[in-house]
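# Reading the structure
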Amino acid sequence: MTVDSSAARKPRRSAAGKAGTTGSKAGTTGDATGATGTSRTTRSTAKKSTAPELVQLLTPEGKRVKNAEYDAYVAGITAEELRGLYRDMVLTRRFDAEATALQRQGELGLWASLLGQEAAQIGSGRATREDDYVFPTYREHGVAWCRGVDPTNLLGMFRGVNNGGWDPNSNNFHLYTIVIGSQTLHATGYAMGITKDGADSAVIAYFGDGASSQGDVAEAFTFSAVYNAPVVFFCQNNQWAISEPTEKQSRVPLYQRAQGFGFPGVRVDGNDVLACLAVTKWALERARNGEGPSLVEAFTYRMGAHTTSDDPSRYRGDEERAAWEAKDPILRLRRYLEASNHAEEGFFAELETESEALGKRVREAVRAMPDPDRFAIFENAYADGHALVDEERAQFAAYQASFADVEGGH
């Protein structure tokens, strides 16, 4: 399905910078500002840096940390909006858990869980404007929620009954991309089109730490920098590209890769929804102002398997997961809400009821979907047919018929 680059666009403001501008925010030249809001790292001090700095506004214990550079982007947030962020994360996690269970029950062919990455997705998703455009991978269920995509529409593809159950132009949310990293090129091209349209909206492209090693991503970085495209590259570094750890993918922190392409990179605590909201707002605002692309590395963790076909116990230990469970994004915000008297027990009880209702709705919707056509895979392999495909179809038909014999007691 095609997308319309001129839909719902406002006139674009004049460019405030040229390709490769480094911006004026602290830490946006590749060394992200830390939780204390230190000033921008200079070239000389960058060489002395022993560890990458992390933008953090909420500690794992739920304590608010001041940050001189990014506080302004969440300064006006209300208690109601904070509860909304918490609700988004809880309901997204509940939907994800239901989808995982449905796959285990044979209702879905596959599922890619976002467990542990709720803050990165909800924070960044809520930072977008309605006229911004989102290019996801296949794990951005929380971002889809923020863009108003019905959760049940995400499941048709994983059941095999459609190629994506929503119109991308309705929510400015592109269909899930299975090919690793290719959506960054799509996003860059779309962003270049926005510039030609004279609109002031921005584009955000999601990808993982594994995709950062793809050539498509490097090409997207090059084109976006040269053409000063209004695009934010949002990398969810969940530490594992299936079974490959991040340290075997890059010799430098991922956000620092942006330096070589001439645009800023920031590392943010991906389990801190407030920090993800603030940093993404900054990056999108920068893009809309004509200052070009930026890279946000959300430093988070994939609590579950890569997909339901994966067994993470074969390549990582329980102690690693336990360490990250202590940084849980939902528990972190709940602690802050309770300590700040921004939410009462009744709110959490009502949300639990809503969460269970969502799980039931998703379960019933999936079971009401038609069974996928098991033979459709053979139909479009060759335009004029092929003897080998015909043979494979016949073998598959015999295999399917064998189950009928067992069920019939033969």
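Scroll up to find the structure this text is about.
Throughout what follows, the structure given in this document is the object of discussion. (Residues numbered from 1 in each chain as written. Predicted model: local features only at pLDDT ≥ 70, side-chain atom pairs only at ≥ 80, totals over all residues. Heavy atoms only, no water.)

## Points about the overall build of the chain
Summing up its helical and strand segments, the chain has 14 helices and 7 strands in all. Long-range pairs, those at least 24 residues apart, make up 75% of the contacts in the chain between residues at least 6 apart in sequence. For the chain, the computed accessible surface area is about 18600 Å², with 51% contributed by carbon and sulfur atoms. (Helix = DSSP H or I, 4+ residues; strand = E, 2+ residues; numbered from the N terminus. Contact = heavy atoms within 4.5 Å. Areas by Shrake-Rupley, 256 points an atom, 1.4 Å probe, with all protein chains shown as cover.)

## Some words on the environment of Gly84
In this structure, Gly84 sits in helix α2 (residues 79–104). Overall, Gly84 belongs to the partly exposed group, its relative accessible area being 24%. (Buried < 20%, exposed > 50% of the residue type's maximum accessible area, 1.4 Å probe, protein only.)

## Observations concerning the pairing of strand β7 (residues 294–299)
Remember that side chains alternate between the two faces of the sheet whenever the strand is regular. With 5 of its 6 residues buried, β7 lies for the most part within the structure. As paired elements, strand β3 (residues 231–237) and β7 share 6 bridges and run parallel to each other. Paired with Cys235 across the strands is Glu297, a residue of β7. Summarising the sheet, strand β6 (residues 265–269) and β7 pair through 5 bridges and their orientation is parallel. Pairing of Asp269 across the sheet is with Phe299, part of β7. Handedness of the β6-helix α10 (residues 273–288)-β7 crossover: right-handed. (Pairing = 2+ DSSP bridges. Right-handed = clockwise from strand over helix to strand, strands pointing away.)

## Overview of the sheet that holds strand β1 (residues 133–135)
Ordered in space as β1-β2-β3-β7-β6, the 5 strands form an open sheet in which the pairing is parallel. In this open sheet, the two edge strands, each paired with only one partner strand, are β1 and β6. Averaged over all adjacent pairs, the angle separating strand axes in this sheet is 20 degrees, with direction ignored. Where helix α8 (residues 215–226) meets the sheet, its contacts fall on β2 (203–208), β3 and β7, and the angle it forms with β3 comes to roughly 150 degrees. (Axes fitted to C-alpha atoms, helices over the stretch in contact; angles between N-to-C directions.)

## Quick notes on α10
End to end, α10 covers 22 Å across 16 residues, agreeing with the expected 22 Å (1.5 Å per residue, within 8%). Burial analysis of α10 places 14 of its 16 residues in the buried class, the great majority of the element. N-cap assignment for α10: the residue whose side-chain oxygen lies 3.1 Å from the backbone N of Leu274 is Asp272. (Expected span 1.5 Å × (residues − 1). Polar contact = N/O pair within 3.5 Å; in protein donor to acceptor, adjacent residues only side chain to side chain.)

## Observations regarding the pairing of β6
Of all 5 residues in β6, 5 are buried; the element is thus mostly enclosed. By the alternation rule, side chains of β6 split into Gly265, Arg267 and Asp269 and Val266 and Val268, which are all buried.

## Some points on the side chain of Thr177
Looking at the element boundaries, Thr177 is found in the loop between α6 (168–171) and α7 (182–197). One polar contact links the side chain of Thr177 to the main-chain carbonyl oxygen of Pro136, over a distance of 3.4 Å.

## Quick look at the packing of α7 against α8
Here α7 crosses α8 at 15 degrees, and the two axes come no closer than 7 Å. As summarised for this structure, α7 and α8 are arranged roughly parallel, according to the angle between their axes. When the axes of α7 and α8 are compared, the crossing they make is left-handed. When α7 is examined against α8, the residues Ser182, Thr184, Leu185 and Thr188 are found in contact with a partner set consisting of Asp216, Val217, Glu219, Ala220, Phe223 and Ser224. (Parallel < 35°, antiparallel > 145°, perpendicular 65-115°, else oblique. Left-handed = near helix turned anticlockwise from the far one by under 90°.)

## Examining unusual backbone geometry
At Asn172, a residue that is not glycine, the phi angle is positive and equals roughly 55 degrees. Here Asn172 falls in the buried class, since its relative accessible area comes to 5%. In this model, Asn341 sits at a positive phi of 60 degrees, which is unusual for a non-glycine residue. Residue placement: Asn341 occurs in the loop between α12 (329–339) and α13 (345–368).

## Some points on the packing of aromatic side chains
Per the counting criterion, the structure on display carries 30 aromatic pairs. Their ring planes at 55 degrees and their centres at 5.2 Å tell us that Tyr206 and Phe234 sit as a pair that is tilted. With Tyr206 in strand β2 and Phe234 in strand β3, the pair connects residues that are 28 residues apart, well separated along the chain. We note that Tyr206, like Phe234, is buried. One aromatic cluster is present, formed by Phe95, Trp111, Phe158, Trp166, Phe173 and Tyr176 through successive ring pairs. (Phe/Tyr/Trp six-rings, centres within 6.5 Å; stacked < 30°, edge-to-face > 60°.)

## Observations regarding the nonpolar core
Ranked by internal contacts, the top residues of the largest apolar core, which has 68 residues, are Tyr86, Leu155 and Leu333. Sorting elements by how many residues they give to this core places α10 first, with 11 residues. Once you skip the residues sitting within four places of it in the chain, Tyr86 turns out to touch Ile330, Leu333, Arg334, Leu337, Phe347, Phe348 and Leu351. (Core = buried A, V, L, I, M, F, W, Y, C linked by side-chain atoms within 4.5 Å.)

## Here's the deal with a nonpolar patch on the surface
A cluster of nonpolar side chains, contributed by Phe223, Val226 and Tyr227, occupies part of the molecular surface with about 330 Å² of accessible area. On the secondary structure map, Phe223 appears in helix α8. Phe223 gets classed as partly exposed once you look at its relative accessible area, which sits at 42%. (Patch = residues over 30% accessible without salt bridge, like charges linked within 9 Å, V, L, I, M, F, W, Y side chains within 5 Å. Salt bridge = Lys/Arg side-chain N within 4 Å of Asp/Glu carboxyl O.)

## Some words on the pattern of salt bridges
Pairing between side chains becomes possible if they bear opposite charge and their charged atoms approach one another. Evaluated as defined, the whole model comprises 23 salt bridges. Between Asp132 and Arg288 there is a salt bridge, with its nearest N and O atoms 2.5 Å apart. Taken together, the positions of Asp132 in the loop between α3 (118–127) and β1 and Arg288 in helix α10 put the pair 156 residues apart, joining distant regions of the chain. When sorted by exposure, Asp132 lands in the same class as Arg288, which is buried. A salt bridge links Arg393 to Glu379; the shortest N-O distance between them is 4.0 Å. Of the two residues, Arg393 sits in helix α14 (residues 387–407) while Glu379 sits in the loop between α13 and α14, which places them 14 residues apart along the sequence.

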